[in-house]
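Take a look at the letters that make up each chain.
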Amino acid sequence: MAKIYGRLVVDKLDEVYLSVSADDSIRKELSEFFKFKVPGAQFIPAVRKRFWDGYIRLFNLQKNQIYMGLYPYLKEFCEERNYELSGWEPEKDIFTIERYEEIVQDIPLKLRDYQKEAVAYAAHNRKCILVSPTASGKSLMIYSLIRYNFLKKNGKALVIVPTTSLVEQMTKDFKDYGFNGNVAKLYGGNKDYSDAAIVVTTWQTMSRMPKTFGNEFGMVIGDEAHLFQAKSLASIMNSLTDVKYKIGTTGTLQDTQTHKLQLEGMFGPAYYVTTSKDLMDEGTLANLDIKCLVLSYVDEERKKVSKMTYQEEMDWIVRNDRRNLFIKNLVNGLKGNTLVLFQFVEKHGRPLYADFSELFANDSTKRKCFFVFGGTDAIDREKVREIVENEKDAVIVASFGTFSTGINIKRLHNIVFASPSKSRIRNLQSIGRGLRKTDDKENVVLYDIADDLSWKKNLNYTLNHFSERINIYSKENFNYEIHSVRIPKCHI
């Protein structure tokens, strides 16, 4: 029998935190074990001024508290050091296939095996994050879990989503899945949810509700859970002290350990449901081809940009007339519905939309063009989505923030990254917009526009971001090809 070098006793404080009793030396070890530096901490003003060391500590040394969702890591910590761990253990549900069939018997859509396994895992463990790519049927899994919540007689279910557009879409999905009860849409001026079995809201609305609001529900589901690490969102999750069932769903998690552990602390262990590549291989998702178009500039422009800051370089790129003309000509030559994604509304999105509108107005095909950004009303966004579903050759010029996450457009044939970005989550979520198959769509093409403004040995900022995107594509086993395109000299 292995020698025991220390002992830890765990008690449950509520449905958010555990308390840990141990010797001071072990508690300090815990503090170090659950300490992670924030990526890019050296650029944070509080760190630069030495008000903060840039570390997040997931074990509170003063209160001896740790997130309940981190129990598996606490167990691992003890096993590695031959420490005895006693006291509280995670509560599990007895979940059988017979009970599962009772949940899904009147859902008109048949769940795939990986969806069933994910629902079973979440129901059994009560707290977890389901990591499953766009178009894998996350909303159907969410609905199945809500049906399980009703079967357990836990009361109402709360679904938290990041945007008002997703409130509208999720509510519609639940109706499509056969739910006949009242689904309350809680955002803006909509406040009445008293007779609703399901409440769908945004975290912005949630943050304005009384602190006890979330504890009215038997199950809380955080959709697009990768966004929940923000301080205000963590505060929401920390207030759910009575909710036994907390389930996050997301298509992607950041690679940083800090991000993953913070989310697992709030929701529970991550469960990887399936991958986009697996769904493509089995024919569930459309095949993805990525065409990387690297725009090459003249030496005079390269030299000028080499002296710029990151923000100055971004501004120069998105205001570049020749670059925007290239994008206009590219989109004009594409067949099928096309989503053009941008970052900056006034200096990039609006000019692109104006260019396309003028082009199509003078074109005999009279293609439809839509503009969507943060200021577009949720109802109008939903109308745009529904219209495009019935179009064959429309163009949506949309901000990354509004159309990269959660929006479901089945009949999308092309995606154009008009603005540079290195965010793994944003890129994968954006790609997911086009992966749904339809009867007349088997493939989707992503046009990733990059800018080679390197000068001598120095690579420009956004070219480095392009390298990060290539790493993402390689890691996800996506098919991609790189083409160099020379851009004529622009006025500088």
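In this report, we go over the structure that sits alongside the text. From a predicted model like this one, the values you see are computed outputs, not experimental measurements. (Residues numbered from 1 in each chain as written. Predicted model: local features only at pLDDT ≥ 70, side-chain atom pairs only at ≥ 80, totals over all residues. Heavy atoms only, no water.)

Glancing now at the sheet that holds strand 1 (residues 6-12). Read from one edge to the other, the open sheet built from 5 strands follows the order 5-6-2-1-7, with strand pairing classed as mixed. What marks the edges here is a single partner per strand, and that holds for strand 5 (59-60) and strand 7 (83-87). Relative to strand 6 (residues 65-67), strand 5 runs antiparallel, the two being bridged by 2 bridges. Bridge pairing links Asn 60 to Gln 65 in strand 6. Running over the sheet, helix 1 (residues 24-33) touches strand 1, strand 2 (17-21), strand 5 and strand 7 and is turned about 70 degrees from strand 1. Set on the sheet, helix 3 (residues 71-81) makes contact with strand 1, strand 2, strand 6 and strand 7; between it and strand 7 the angle comes to about 145 degrees. (Pairing = 2+ DSSP bridges. Helix = DSSP H or I, 4+ residues; strand = E, 2+ residues; numbered from the N terminus. Contact = heavy atoms within 4.5 Å. Axes fitted to C-alpha atoms, helices over the stretch in contact; angles between N-to-C directions.)

Below, the discussion takes up the pattern of salt bridges. With the rule as written, the count across this model stands at 28 salt bridges. For Glu 91, the salt bridge goes to Lys 12, with nearest N and O atoms at 4.0 Å. Of this pair, Glu 91 sits in the loop between strand 7 and helix 4 (97-104) while Lys 12 sits in strand 1, placing them 79 residues apart in sequence. Using a relative accessible area of 32% as the deciding quantity, one classes Lys 12 as partly exposed. (Salt bridge = Lys/Arg side-chain N within 4 Å of Asp/Glu carboxyl O. Buried < 20%, exposed > 50% of the residue type's maximum accessible area, 1.4 Å probe, protein only.)

Looking now at the packing of aromatic side chains. What the rule picks out here adds up to 21 aromatic pairs. Between Tyr 121 and Tyr 271, the ring centres sit 4.4 Å apart and the planes meet at 20 degrees, which makes this aromatic pair stacked. Placement of the pair is Tyr 121 in helix 5 (residues 113-125) and Tyr 271 in strand 14 (residues 270-272), with a sequence separation of 150 residues. Taken together, the ring pairs in this structure connect Tyr 143, Phe 150, Phe 174, Tyr 177 and Phe 179 into an aromatic cluster. Positioned over the ring face of Phe 344 is Lys 347, at 4.5 Å from the centre of the ring. The aromatic ring of Phe 373 is capped on one face by Arg 350, whose charged end is 5.0 Å from the ring centroid. (Phe/Tyr/Trp six-rings, centres within 6.5 Å; stacked < 30°, edge-to-face > 60°. Lys NZ or Arg CZ within 6 Å of the ring centre and 35° of its normal.)

Counting through the fold element by element, Lys 410 comes out in the loop between helix 17 (400-403) and strand 19 (414-417). Residues Lys 410 and Ala 135, spaced 275 residues apart in sequence, show a C-alpha to C-alpha distance of 9.0 Å.

With that settled, consider the sheet that holds strand 13 (residues 245-250). Note: strands within a sheet are paired through backbone hydrogen bonds, in either parallel or antiparallel orientation. Strand order in the open sheet formed by 7 strands is 10-11-9-12-13-8-14, with parallel pairing between adjacent strands. Only two strands of the sheet have a single partner each, and these edge strands are strand 10 (183-186) and strand 14. The sheet shows a mean angle of 20 degrees between the axes of neighbouring strands, taken without regard to direction. Alignment of strand 8 (residues 127-131) against strand 14, held across 3 bridges, turns out to be parallel. Bridge pairing in strand 14 links Ile 129 to Ala 270.

Moving on, we come to the side chain of Ser 296. Along the chain, Ser 296 turns up in strand 15 (residues 287-296). Side-chain polar atoms of Ser 296 contact the side chain of Arg 302, separated by 2.8 Å. Setting aside chain neighbours within four positions, we find Ser 296 in contact with Arg 302, Asp 452, Ser 484, Val 485, Arg 486 and Ile 487. (Polar contact = N/O pair within 3.5 Å; in protein donor to acceptor, adjacent residues only side chain to side chain.)

All right, on to the packing of helix 14 (residues 321-332) against helix 15 (residues 345-361) then. Where helix 14 meets helix 15, the closest approach of the two axes is 11 Å, and the angle between their N-to-C directions is 45 degrees. As judged from the angle between their axes, helix 14 and helix 15 are oblique. As for the relative orientation of helix 14 and helix 15, their crossing is right-handed in sense. Taken together, the residues of helix 15 that come into contact with helix 14 (itself represented by Arg 323, Asn 324, Ile 327, Lys 328, Val 331 and Asn 332) are His 348, Leu 352, Asp 355, Phe 356, Leu 359 and Phe 360. (Parallel < 35°, antiparallel > 145°, perpendicular 65-115°, else oblique. Left-handed = near helix turned anticlockwise from the far one by under 90°.)

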